[in-house]
Amino acid sequence: MIRIFGWGARKGASLSDNRGGPWGPGGGDDGGSGGGNGGGPRNPWGPRRRKPGRPPGDVTSLDEFLKKSRDRFGSRFGGGFSAGGRPYWLYGLIAFIALWIVFTSVHRIGPTERGVVTIFGRYTDTLRPGIGFSLPYPFGAVTKLNVEGIQTITIPGGRTENLILTGDQNVIDLAYSVRWNIKNPQLYLFQIANPDSTIREVAESAMRAAVARVSLDDAIGAGRADIEQRVEQNMQQLLDAYGAGVEIQGIAISQSVPPAAVNDAFLEVSAAQQQAQSYMNDARAYALQQTARAQGESTAFEKVYNEYRAAPDVTRRRMYYETMERVLSRVDTTIVEAPGVTPYLALPEIQRRQQQAVPQTQGGQPR
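Quick caveat, the model's predicted, so the values are computed rather than measured.

A.B. asks: Looking at this structure, how should I read the packing of helix H6 (residues 195-211) against helix H8 (residues 224-242)?
C.D. replies: When two helices pack together, their arrangement is captured by the angle between the axes and the distance separating the axes. One way to put it is that H6 packs onto H8 with a least axis distance of 9 Å and a crossing angle of 135°. When the axis of H6 is compared with that of H8, the two are oblique. For the pair H6 and H8, the crossing hand works out as right-handed. Note on element contacts: H8 touches H6 through Ile227, Arg230, Val231, Asn234, Met235, Leu238, Leu239 and Tyr242, opposite Thr198, Ile199, Val202, Ala203, Ala206, Met207, Ala210 and Val211. Considering only residue class, the contact of H6 with H8 consists of 13 nonpolar, two polar and one charged.

A.B. asks: Which parts of the structure should I look at to understand the sheet that holds strand E5 (residues 122-127)?
C.D. replies: With respect to topology, three strands assemble into an open sheet ordered E5-E4-E7, the strand pairing being antiparallel. The sheet terminates laterally at E5 and strand E7 (140-146), the two strands that pair on one side only. Neighbouring strand axes in the sheet, compared pairwise and without regard to direction, differ in orientation by 25° on average. Relative to E5, strand E4 (residues 113-119) is paired through five bridges, and the arrangement is antiparallel. The residue bridging Gly115 from the neighbouring strand is Leu127, located in E5.

A.B. asks: I tried to follow unusual backbone geometry on my own but got confused; where do I start?
C.D. replies: Here the bond from Tyr137 into Pro138 is cis, since omega is 10°, no more than 30 degrees from zero. Of note, Pro138 is situated in the loop between strand E6 (130-133) and E7. Across the junction of Ile155 and Pro156, the peptide omega takes the value -5°, indicating a cis bond. Within the secondary structure, Pro156 is located in the loop between strand E8 (151-155) and strand E9 (163-165). A positive phi angle, near 55°, is found at Phe120, a position not held by glycine. You can call Phe120 exposed: its relative accessible area is 66%. Located in the positive-phi region is Gln169, a residue other than glycine, with phi close to 65°.

Reading guide: rules and limits
Residues numbered from 1 in each chain as written. Predicted model: local features only at pLDDT ≥ 70, side-chain atom pairs only at ≥ 80, totals over all residues. Heavy atoms only, no water. Axes fitted to C-alpha atoms, helices over the stretch in contact; angles between N-to-C directions. Helix = DSSP H or I, 4+ residues; strand = E, 2+ residues; numbered from the N terminus. Parallel < 35°, antiparallel > 145°, perpendicular 65-115°, else oblique. Left-handed = near helix turned anticlockwise from the far one by under 90°. Contact = heavy atoms within 4.5 Å. Nonpolar A, V, L, I, M, F, W, Y, C, P; charged D, E, K, R; others polar. Pairing = 2+ DSSP bridges. Buried < 20%, exposed > 50% of the residue type's maximum accessible area, 1.4 Å probe, protein only.

Laid out in C-alpha coordinates, this is it:
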(Lines give C-alpha, C1' and ligand atoms only; values in the text may rest on other atoms or scores of the structure.)
Protein backbone atom coordinates (compact mmCIF):
# COMPACT_ATOMS: atom_id res chain seq x y z
CA MET A 1 0.00 0.00 0.00
CA ILE A 2 2.88 2.37 0.80
CA ARG A 3 4.44 1.69 -2.57
CA ILE A 4 1.19 2.32 -4.38
CA PHE A 5 0.54 5.64 -2.66
CA GLY A 6 4.16 6.55 -3.17
CA TRP A 7 3.76 5.83 -6.85
CA GLY A 8 0.74 8.13 -6.94
CA ALA A 9 2.75 10.93 -5.31
CA ARG A 10 5.58 10.54 -7.81
CA LYS A 11 3.25 10.22 -10.81
CA GLY A 12 4.88 12.93 -12.85
CA ALA A 13 8.37 11.57 -12.54
CA SER A 14 7.50 7.93 -13.08
CA LEU A 15 5.37 8.54 -16.23
CA SER A 16 8.45 9.68 -18.10
CA ASP A 17 10.16 6.32 -17.61
CA ASN A 18 7.02 4.10 -17.76
CA ARG A 19 6.89 2.42 -21.15
CA GLY A 20 5.09 -0.77 -20.29
CA GLY A 21 2.76 0.04 -17.39
CA PRO A 22 2.21 2.08 -14.26
CA TRP A 23 5.11 0.40 -12.41
CA GLY A 24 7.80 1.46 -14.86
CA PRO A 25 9.90 -0.51 -17.35
CA GLY A 26 10.12 -3.45 -15.06
CA GLY A 27 13.62 -4.73 -15.71
CA GLY A 28 13.70 -7.14 -12.78
CA ASP A 29 14.10 -10.88 -12.83
CA ASP A 30 11.39 -13.52 -12.81
CA GLY A 31 11.21 -13.48 -9.07
CA GLY A 32 9.75 -9.97 -9.11
CA SER A 33 12.70 -8.13 -7.41
CA GLY A 34 15.54 -5.77 -8.12
CA GLY A 35 16.75 -4.51 -11.42
CA GLY A 36 15.65 -1.19 -12.75
CA ASN A 37 12.62 -1.00 -10.51
CA GLY A 38 14.50 -0.03 -7.37
CA GLY A 39 13.46 -3.11 -5.46
CA GLY A 40 9.71 -2.55 -6.13
CA PRO A 41 7.24 -5.07 -7.62
CA ARG A 42 7.85 -6.32 -11.11
CA ASN A 43 6.08 -4.42 -13.86
CA PRO A 44 3.35 -6.72 -15.20
CA TRP A 45 2.79 -4.60 -18.31
CA GLY A 46 6.37 -4.11 -19.43
CA PRO A 47 8.37 -6.37 -21.69
CA ARG A 48 9.47 -9.55 -20.09
CA ARG A 49 12.67 -11.33 -20.62
CA ARG A 50 12.30 -14.31 -22.87
CA LYS A 51 13.03 -17.45 -21.03
CA PRO A 52 15.62 -19.72 -22.44
CA GLY A 53 14.11 -22.13 -25.00
CA ARG A 54 11.01 -19.95 -25.80
CA PRO A 55 10.54 -19.30 -29.53
CA PRO A 56 11.23 -15.77 -30.79
CA GLY A 57 7.69 -15.20 -32.13
CA ASP A 58 5.97 -15.95 -28.84
CA VAL A 59 3.93 -13.25 -27.08
CA THR A 60 5.94 -11.81 -24.24
CA SER A 61 3.54 -9.20 -22.90
CA LEU A 62 -0.14 -8.27 -22.83
CA ASP A 63 0.48 -5.26 -25.04
CA GLU A 64 1.87 -7.43 -27.77
CA PHE A 65 -1.09 -9.84 -27.44
CA LEU A 66 -3.60 -7.01 -27.74
CA LYS A 67 -1.72 -5.52 -30.67
CA LYS A 68 -1.71 -8.79 -32.57
CA SER A 69 -5.38 -9.30 -31.72
CA ARG A 70 -6.23 -5.87 -33.14
CA ASP A 71 -4.21 -6.60 -36.24
CA ARG A 72 -5.93 -9.95 -36.71
CA PHE A 73 -9.58 -9.14 -35.94
CA GLY A 74 -9.88 -5.38 -35.83
CA SER A 75 -9.69 -4.93 -39.58
CA ARG A 76 -12.83 -7.00 -40.11
CA PHE A 77 -14.92 -4.57 -38.11
CA GLY A 78 -13.02 -1.39 -38.61
CA GLY A 79 -12.94 -1.30 -42.40
CA GLY A 80 -10.23 -3.77 -43.31
CA PHE A 81 -12.80 -6.47 -44.37
CA SER A 82 -14.57 -4.27 -46.92
CA ALA A 83 -15.10 -3.57 -50.58
CA GLY A 84 -14.16 -0.21 -52.01
CA GLY A 85 -13.25 1.14 -48.58
CA ARG A 86 -16.76 0.44 -47.16
CA PRO A 87 -17.45 -2.34 -44.65
CA TYR A 88 -19.64 -5.28 -45.69
CA TRP A 89 -21.98 -4.93 -42.70
CA LEU A 90 -23.21 -1.65 -44.18
CA TYR A 91 -24.32 -3.43 -47.35
CA GLY A 92 -25.94 -6.13 -45.24
CA LEU A 93 -27.85 -3.51 -43.30
CA ILE A 94 -29.03 -1.85 -46.52
CA ALA A 95 -30.16 -5.23 -47.91
CA PHE A 96 -32.05 -6.05 -44.71
CA ILE A 97 -33.86 -2.70 -44.77
CA ALA A 98 -34.77 -3.19 -48.44
CA LEU A 99 -36.18 -6.67 -47.80
CA TRP A 100 -38.05 -5.44 -44.73
CA ILE A 101 -39.70 -2.69 -46.76
CA VAL A 102 -40.56 -4.99 -49.68
CA PHE A 103 -42.06 -7.82 -47.62
CA THR A 104 -44.03 -5.56 -45.25
CA SER A 105 -45.08 -2.77 -47.64
CA VAL A 106 -46.04 -4.59 -50.87
CA HIS A 107 -49.18 -6.73 -50.73
CA ARG A 108 -50.87 -8.95 -53.30
CA ILE A 109 -54.67 -8.91 -53.03
CA GLY A 110 -56.54 -11.85 -54.60
CA PRO A 111 -59.57 -11.53 -56.92
CA THR A 112 -62.03 -12.39 -54.12
CA GLU A 113 -60.22 -10.43 -51.40
CA ARG A 114 -60.02 -6.91 -50.04
CA GLY A 115 -57.14 -5.49 -48.02
CA VAL A 116 -57.91 -3.25 -45.04
CA VAL A 117 -55.00 -0.82 -44.48
CA THR A 118 -54.29 0.52 -41.00
CA ILE A 119 -51.63 2.92 -39.74
CA PHE A 120 -50.87 2.54 -36.05
CA GLY A 121 -54.15 0.61 -35.77
CA ARG A 122 -56.29 3.30 -37.43
CA TYR A 123 -58.19 2.55 -40.65
CA THR A 124 -56.93 4.48 -43.68
CA ASP A 125 -57.88 2.66 -46.91
CA THR A 126 -59.19 -0.54 -48.54
CA LEU A 127 -57.06 -2.21 -51.22
CA ARG A 128 -58.71 -3.64 -54.33
CA PRO A 129 -57.56 -6.85 -56.09
CA GLY A 130 -54.03 -6.49 -57.44
CA ILE A 131 -50.80 -5.11 -55.97
CA GLY A 132 -51.18 -2.65 -53.09
CA PHE A 133 -48.79 -0.67 -50.91
CA SER A 134 -48.73 0.42 -47.29
CA LEU A 135 -46.28 1.63 -44.68
CA PRO A 136 -43.84 -1.05 -43.49
CA TYR A 137 -44.55 -3.03 -40.35
CA PRO A 138 -45.01 -2.10 -37.51
CA PHE A 139 -46.10 1.35 -38.69
CA GLY A 140 -48.70 0.01 -41.11
CA ALA A 141 -50.53 -3.29 -41.59
CA VAL A 142 -52.90 -4.88 -44.12
CA THR A 143 -55.62 -7.39 -43.20
CA LYS A 144 -56.90 -9.50 -46.11
CA LEU A 145 -60.59 -10.52 -46.11
CA ASN A 146 -62.45 -12.84 -48.48
CA VAL A 147 -65.55 -10.80 -49.36
CA GLU A 148 -67.03 -13.13 -51.98
CA GLY A 149 -66.77 -16.44 -50.15
CA ILE A 150 -70.06 -17.68 -48.66
CA GLN A 151 -69.77 -18.64 -45.00
CA THR A 152 -72.27 -20.89 -43.24
CA ILE A 153 -73.41 -21.01 -39.62
CA THR A 154 -75.34 -24.11 -38.51
CA ILE A 155 -77.80 -23.79 -35.64
CA PRO A 156 -77.73 -25.70 -33.37
CA GLY A 157 -74.25 -27.17 -33.51
CA GLY A 158 -73.83 -30.86 -32.74
CA ARG A 159 -76.70 -33.16 -31.78
CA THR A 160 -78.43 -30.92 -29.25
CA GLU A 161 -82.09 -29.99 -29.56
CA ASN A 162 -83.22 -26.48 -30.46
CA LEU A 163 -86.71 -26.22 -28.96
CA ILE A 164 -88.83 -23.27 -30.17
CA LEU A 165 -92.39 -22.35 -29.12
CA THR A 166 -94.93 -21.91 -31.93
CA GLY A 167 -97.87 -19.54 -32.07
CA ASP A 168 -100.38 -22.23 -31.00
CA GLN A 169 -98.35 -23.11 -27.85
CA ASN A 170 -96.62 -26.16 -29.31
CA VAL A 171 -92.92 -26.98 -29.20
CA ILE A 172 -90.82 -28.06 -32.19
CA ASP A 173 -87.19 -29.05 -32.64
CA LEU A 174 -85.82 -26.76 -35.35
CA ALA A 175 -82.43 -26.93 -37.11
CA TYR A 176 -81.36 -24.46 -39.79
CA SER A 177 -78.33 -22.84 -41.41
CA VAL A 178 -77.44 -19.22 -42.21
CA ARG A 179 -75.42 -18.28 -45.32
CA TRP A 180 -73.66 -14.89 -45.33
CA ASN A 181 -70.68 -13.01 -46.72
CA ILE A 182 -68.76 -9.80 -46.00
CA LYS A 183 -70.25 -6.67 -47.59
CA ASN A 184 -68.15 -3.91 -45.99
CA PRO A 185 -64.64 -4.96 -44.81
CA GLN A 186 -64.12 -1.81 -42.74
CA LEU A 187 -67.34 -2.27 -40.73
CA TYR A 188 -66.76 -6.02 -40.42
CA LEU A 189 -63.36 -5.50 -38.78
CA PHE A 190 -63.94 -2.47 -36.57
CA GLN A 191 -67.68 -2.10 -35.84
CA ILE A 192 -68.43 -5.36 -34.01
CA ALA A 193 -66.01 -7.20 -31.72
CA ASN A 194 -67.14 -10.75 -32.67
CA PRO A 195 -69.13 -10.76 -35.95
CA ASP A 196 -69.63 -14.55 -36.09
CA SER A 197 -71.15 -14.70 -32.62
CA THR A 198 -73.32 -11.68 -33.37
CA ILE A 199 -74.69 -13.26 -36.54
CA ARG A 200 -75.54 -16.45 -34.67
CA GLU A 201 -77.39 -14.60 -31.91
CA VAL A 202 -79.30 -12.44 -34.38
CA ALA A 203 -80.32 -15.56 -36.33
CA GLU A 204 -81.66 -17.29 -33.23
CA SER A 205 -83.61 -14.20 -32.20
CA ALA A 206 -85.14 -13.70 -35.66
CA MET A 207 -86.07 -17.40 -35.99
CA ARG A 208 -87.82 -17.52 -32.61
CA ALA A 209 -89.75 -14.36 -33.46
CA ALA A 210 -90.87 -15.80 -36.82
CA VAL A 211 -91.90 -19.22 -35.48
CA ALA A 212 -93.88 -17.60 -32.65
CA ARG A 213 -96.24 -16.12 -35.28
CA VAL A 214 -97.19 -19.40 -37.01
CA SER A 215 -98.92 -22.61 -36.00
CA LEU A 216 -97.37 -26.04 -35.59
CA ASP A 217 -98.72 -27.27 -38.92
CA ASP A 218 -97.18 -24.30 -40.75
CA ALA A 219 -93.86 -24.68 -38.96
CA ILE A 220 -93.45 -28.31 -40.00
CA GLY A 221 -95.26 -28.10 -43.32
CA ALA A 222 -95.97 -25.63 -46.06
CA GLY A 223 -95.13 -22.53 -43.99
CA ARG A 224 -91.40 -23.22 -43.79
CA ALA A 225 -90.58 -21.20 -46.94
CA ASP A 226 -92.39 -18.17 -45.54
CA ILE A 227 -90.50 -18.53 -42.24
CA GLU A 228 -87.15 -18.64 -44.04
CA GLN A 229 -87.90 -15.49 -46.02
CA ARG A 230 -89.13 -13.62 -42.94
CA VAL A 231 -86.04 -14.57 -40.90
CA GLU A 232 -83.71 -13.43 -43.70
CA GLN A 233 -85.37 -10.01 -43.89
CA ASN A 234 -85.36 -9.49 -40.12
CA MET A 235 -81.71 -10.51 -39.81
CA GLN A 236 -80.59 -8.13 -42.55
CA GLN A 237 -82.43 -5.23 -40.94
CA LEU A 238 -80.90 -5.90 -37.51
CA LEU A 239 -77.36 -6.37 -38.82
CA ASP A 240 -77.58 -3.20 -40.91
CA ALA A 241 -78.71 -1.33 -37.80
CA TYR A 242 -75.69 -2.71 -35.92
CA GLY A 243 -73.33 -1.78 -38.76
CA ALA A 244 -72.00 -5.34 -39.02
CA GLY A 245 -70.92 -4.99 -42.66
CA VAL A 246 -72.30 -8.42 -43.68
CA GLU A 247 -75.00 -9.54 -46.12
CA ILE A 248 -77.37 -12.48 -45.48
CA GLN A 249 -77.55 -14.75 -48.52
CA GLY A 250 -80.27 -17.12 -47.30
CA ILE A 251 -81.82 -19.25 -44.55
CA ALA A 252 -82.37 -23.00 -44.97
CA ILE A 253 -84.45 -25.04 -42.49
CA SER A 254 -83.03 -28.58 -42.46
CA GLN A 255 -85.16 -30.07 -39.67
CA SER A 256 -88.56 -29.21 -38.24
CA VAL A 257 -89.93 -32.02 -36.05
CA PRO A 258 -91.58 -32.41 -32.65
CA PRO A 259 -89.38 -33.10 -29.62
CA ALA A 260 -88.23 -36.68 -29.14
CA ALA A 261 -90.22 -37.03 -25.90
CA VAL A 262 -93.60 -36.53 -27.65
CA ASN A 263 -92.70 -37.85 -31.09
CA ASP A 264 -94.84 -41.03 -30.81
CA ALA A 265 -97.93 -39.14 -29.70
CA PHE A 266 -97.40 -36.59 -32.41
CA LEU A 267 -97.19 -39.33 -35.05
CA GLU A 268 -100.54 -40.72 -33.86
CA VAL A 269 -102.10 -37.29 -34.05
CA SER A 270 -100.68 -36.77 -37.52
CA ALA A 271 -102.06 -40.13 -38.67
CA ALA A 272 -105.52 -39.24 -37.33
CA GLN A 273 -105.38 -35.88 -39.06
CA GLN A 274 -104.42 -37.49 -42.34
CA GLN A 275 -107.25 -40.01 -42.06
CA ALA A 276 -109.74 -37.23 -41.30
CA GLN A 277 -108.46 -35.30 -44.28
CA SER A 278 -108.94 -38.40 -46.46
CA TYR A 279 -112.55 -38.76 -45.31
CA MET A 280 -113.18 -35.11 -46.04
CA ASN A 281 -111.75 -35.50 -49.52
CA ASP A 282 -114.03 -38.51 -50.19
CA ALA A 283 -117.07 -36.55 -48.99
CA ARG A 284 -116.18 -33.63 -51.24
CA ALA A 285 -115.83 -35.98 -54.21
CA TYR A 286 -119.22 -37.59 -53.56
CA ALA A 287 -120.83 -34.19 -53.17
CA LEU A 288 -119.37 -33.08 -56.49
CA GLN A 289 -120.73 -36.21 -58.20
CA GLN A 290 -124.23 -35.74 -56.82
CA THR A 291 -124.21 -32.09 -57.70
CA ALA A 292 -123.17 -32.82 -61.27
CA ARG A 293 -125.85 -35.50 -61.57
CA ALA A 294 -128.55 -33.17 -60.24
CA GLN A 295 -127.45 -30.45 -62.61
CA GLY A 296 -127.65 -32.90 -65.53
CA GLU A 297 -131.17 -34.02 -64.58
CA SER A 298 -132.26 -30.44 -64.16
CA THR A 299 -130.94 -29.56 -67.60
CA ALA A 300 -132.74 -32.54 -69.15
CA PHE A 301 -135.99 -31.62 -67.41
CA GLU A 302 -135.77 -28.08 -68.73
CA LYS A 303 -135.36 -29.41 -72.25
CA VAL A 304 -138.42 -31.69 -71.89
CA TYR A 305 -140.45 -28.86 -70.42
CA ASN A 306 -139.58 -26.59 -73.32
CA GLU A 307 -140.66 -29.31 -75.77
CA TYR A 308 -143.88 -29.87 -73.82
CA ARG A 309 -144.77 -26.21 -74.03
CA ALA A 310 -144.19 -26.30 -77.80
CA ALA A 311 -146.29 -29.49 -78.44
CA PRO A 312 -148.19 -30.71 -75.36
CA ASP A 313 -150.03 -33.70 -76.96
CA VAL A 314 -147.00 -35.16 -78.68
CA THR A 315 -144.85 -34.74 -75.64
CA ARG A 316 -147.47 -36.26 -73.36
CA ARG A 317 -147.83 -39.33 -75.60
CA ARG A 318 -144.07 -39.81 -75.87
CA MET A 319 -143.63 -39.55 -72.11
CA TYR A 320 -146.39 -42.15 -71.66
CA TYR A 321 -144.73 -44.59 -74.05
CA GLU A 322 -141.35 -44.15 -72.42
CA THR A 323 -142.76 -44.70 -68.98
CA MET A 324 -144.65 -47.84 -70.00
CA GLU A 325 -141.52 -49.19 -71.67
CA ARG A 326 -139.54 -48.83 -68.46
CA VAL A 327 -142.27 -50.45 -66.37
CA LEU A 328 -143.15 -53.38 -68.67
CA SER A 329 -139.48 -54.25 -69.24
CA ARG A 330 -139.31 -55.56 -65.67
CA VAL A 331 -142.44 -57.90 -65.83
CA ASP A 332 -143.48 -60.94 -67.89
CA THR A 333 -145.37 -59.87 -70.98
CA THR A 334 -148.07 -62.04 -72.64
CA ILE A 335 -149.44 -61.34 -76.10
CA VAL A 336 -153.16 -62.10 -76.36
CA GLU A 337 -155.68 -61.97 -79.17
CA ALA A 338 -158.81 -59.91 -78.60
CA PRO A 339 -161.58 -60.28 -77.58
CA GLY A 340 -160.56 -63.32 -75.48
CA VAL A 341 -157.62 -63.82 -73.14
CA THR A 342 -156.21 -67.04 -74.62
CA PRO A 343 -152.40 -67.02 -74.43
CA TYR A 344 -150.80 -66.91 -77.80
CA LEU A 345 -147.02 -66.71 -77.28
CA ALA A 346 -145.09 -66.54 -74.01
CA LEU A 347 -141.98 -64.63 -75.05
CA PRO A 348 -140.36 -64.30 -71.57
CA GLU A 349 -140.66 -68.04 -70.96
CA ILE A 350 -139.01 -68.81 -74.27
CA GLN A 351 -136.18 -66.43 -73.50
CA ARG A 352 -135.54 -68.07 -70.12
CA ARG A 353 -135.41 -71.52 -71.67
CA GLN A 354 -132.93 -70.36 -74.26
CA GLN A 355 -130.70 -68.81 -71.58
CA GLN A 356 -130.73 -72.06 -69.57
CA ALA A 357 -129.85 -74.12 -72.64
CA VAL A 358 -126.75 -72.08 -73.48
CA PRO A 359 -124.59 -73.20 -70.47
CA GLN A 360 -125.33 -76.86 -71.31
CA THR A 361 -123.32 -76.63 -74.51
CA GLN A 362 -119.55 -76.49 -74.67
CA GLY A 363 -117.66 -75.50 -77.76
CA GLY A 364 -120.89 -75.23 -79.75
CA GLN A 365 -121.82 -78.92 -79.28
CA PRO A 366 -124.08 -80.57 -76.69
CA ARG A 367 -122.50 -82.60 -73.92
